[in-house]
Amino acid sequence: MARRNAVVVTHSRLRQSGTVVGEAVGQLQSAGFKVTIIDNVDPPAFGTPSQRVNDDTEIVVVLGGDGTILRAAELVHCTEVPILGVNLGHVGFLAEFESFQMSDAIRRVADHDYLIDERMIAHVDVWLPGASEPIEDWALNDITLERETRGKMVELSIRVDDVEMSSFGADGVIVSTPTGSTAYAFSAGGPIIWPNVQALQLTPLAAHALFARPLIIGADSTFTLDILDSSVSDGWICCDGRRQRSLPKGTRVEVRASHDTLRLARLSGVPFTDRLVSKFDLPVVGWREHANRSRSAHGEATANDGQHGGQNGCDTANARRNGR
């Protein structure tokens, strides 16, 4: 039987501070996998290819949080290798399992008992002033274009499909995929986009403008962001919080849906809505319903007290009539 290959991506701190990583590796080995451990993935320079797993890798198991999954995404970019996330971090929105479910996760991976969820990736072209070719990069979560100089604004022009939409000074903008809509863009006030929606979202950051609301475009459209020559600050671009570089005034940034996707291993058919409610601990019972329930409970208690009081009153009156 041919040896099956798995890569475990984690954080060096987790390897040093506990036994979880060792246990996961042992279980994978017992299931017949040859295991390679990667615990420190330094980001490549913006626009340069990242280190990738070998072509014969069957699966990448991530032990950590969403940040570790983003590091692992660089290892499988432009491959068909799926990622399975086991959450050892905080929210772990991209992870499929929590740490106490790890044994079940590895058993099902060994049995090929999982589905593939293909996630949209954003492609970015950066045209520096006077350049004849763009610098290319990508993002699973988001691409942020921000001011380089703190305390100043970057002046941006926003176009969709080469049609001018707006221009303003701001701290920056976030262009996110549906996967990234629950991350930085959500913190900045953007809406949540379900993963099966093929769209890109632009969310301004502290824009000095009357119309500076999030924009959502289809997967066939393109955002074009120009750093104006009149900007008081140069720009700074960052993909997935990892690959970054400064951008001079006059730079043009184009963001569109990539032809590539990222493959996440899913071991259950739990809807995204369930994940959203559980991970964010959403208050599914609103304050109005809480108030109505409290009033109803109070009304029932009052009615019961009244029934007891009325019965006691009748007993007292009857006792008086009977001379007791």
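Residues numbered from 1 in each chain as written. Predicted model: local features only at pLDDT ≥ 70, side-chain atom pairs only at ≥ 80, totals over all residues. Heavy atoms only, no water.

Q: Requested: an account of the overall build of the chain, with residues and values cited.
A: Within the chain, the secondary structure is distributed over seven helices and 17 strands. Across the 324 residues of the chain, 45% fall into the buried class. For the chain, restricting intrachain contacts to residue pairs at least 6 apart in sequence, the fraction spanning at least 24 positions comes to 68%. (Helix = DSSP H or I, 4+ residues; strand = E, 2+ residues; numbered from the N terminus. Buried < 20%, exposed > 50% of the residue type's maximum accessible area, 1.4 Å probe, protein only. Contact = heavy atoms within 4.5 Å.)

Q: Please set out the pairing of strand β1 (residues 4-9) residue by residue, giving values where relevant.
A: Summarising burial for β1: six of the six residues are buried, a large majority. The alternating pattern of β1 places R4, A6 and V8 and N5, V7 and V9 on opposite faces, both of which are buried. Across six bridges, β1 lies against strand β2 (residues 33-38) in parallel orientation. Its bridge partner being in β2, R4 is matched across the sheet by F33. Looking at chain direction, β1 and strand β3 (residues 57-64) are connected through five bridges and run parallel. (Pairing = 2+ DSSP bridges.)

Q: How would you explain the packing of aromatic side chains if you had to name every residue and give the values?
A: Applying the stated criterion across every chain, the model contains one aromatic pair. Aromatic side chains W194 and F272 sit 5.0 Å apart centroid to centroid with 75° between the ring planes, which places their arrangement in the edge-to-face category. Placement of W194 in the loop between α5 (184-187) and β12 (199-205) and of F272 in helix α6 (residues 272-280) is noted, with a sequence separation of 78 residues between them. Sitting over the face of the ring of W138, R243 holds its NZ or CZ atom 4.4 Å from the ring centroid. (Phe/Tyr/Trp six-rings, centres within 6.5 Å; stacked < 30°, edge-to-face > 60°. Lys NZ or Arg CZ within 6 Å of the ring centre and 35° of its normal.)

Q: Account for the side chain of R71, naming residues and giving values.
A: Within the secondary structure, R71 is located in helix α3 (residues 66-76). Comment: no salt bridge for buried R71; closest opposite-charge side chain is E74, at 7.5 Å. Of note is the side chain of R71, whose polar atom sits 3.0 Å from the side chain of T68. Among residues more than four places away in sequence, those in contact with R71 are T10, H11, V41 and R242. (Lys, Arg positive; Asp, Glu negative; His and termini not counted. Salt bridge = Lys/Arg side-chain N within 4 Å of Asp/Glu carboxyl O. Polar contact = N/O pair within 3.5 Å; in protein donor to acceptor, adjacent residues only side chain to side chain.)

Q: Go over the environment of I217, please, and point to the residues and values.
A: Positionally, I217 belongs in strand β13 (residues 215-218). Given the relative accessible area of 8%, I217 is considered buried. Spatially, the C-alpha atom of I217 lies 6.5 Å from that of Q201, the residues being 16 residues apart in sequence. When near neighbours in sequence (up to four residues on either side) are disregarded, I217 contacts V160, Q198, A199, L200, T222 and F223.

Q: Account for the environment of R108, naming residues and giving values.
A: Among the structural elements, R108 can be located in helix α4 (residues 102-110). With relative accessibility at 16%, the residue R108 sits in the buried group. In sequence terms R108 and L267 are 159 residues apart; their C-alpha atoms lie 7.5 Å from each other. Sequence-distant contacts of R108, that is, excluding residues within four places in its chain, are made with F97, D113, Y114, L267 and S268. Here L267 takes part through its backbone oxygen, which lies 2.3 Å from a polar atom of the side chain of R108.

Q: Pulling in residues and values, what's your account of the nonpolar core?
A: In this structure, V124, F223, V253 and V255 are the most contacted members of the largest nonpolar core, which totals 30 residues. Aside from chain neighbours lying at most four places away, what touches V253 is V124, D125, V126, L145, F223, T224, L225, I237 and L247. Among the nonpolar cores identified, the runner-up in size contains 23 residues, and A6, L14, L84 and V109 belong to it. (Core = buried A, V, L, I, M, F, W, Y, C linked by side-chain atoms within 4.5 Å.)

Q: Which residues make up α6, and what values do they have?
A: Listing the buried residues of α6 in full gives F272, R275, L276 and K279. With its buried residues spanning 100° around the axis, α6 presents them on a single face. Residues of α6 that are buried make contact with β4 (83-87), β5 (97-98) and β17 (252-266). D281 sits one or two positions beyond α6 and adopts a positive phi of about 50°. (Arc of directions from axis to C-beta.)

Q: Can you tell me about the packing of helix α2 (residues 20-30) against α4, naming the residues and giving the values?
A: Where α2 contacts α4, the two axes come as close as 10 Å, and the packing angle between them is 30°. Relative to α4, the element α2 is oriented roughly parallel. Handedness of the α2/α4 crossing: right-handed. Contacts from V20, E23, A24, Q27 and L28 of α2 reach α4 at M102, S103 and I106. A breakdown of the residues in the contact of α2 with α4 according to their chemical character gives five nonpolar, two polar and one charged. (Axes fitted to C-alpha atoms, helices over the stretch in contact; angles between N-to-C directions. Parallel < 35°, antiparallel > 145°, perpendicular 65-115°, else oblique. Left-handed = near helix turned anticlockwise from the far one by under 90°. Nonpolar A, V, L, I, M, F, W, Y, C, P; charged D, E, K, R; others polar.)

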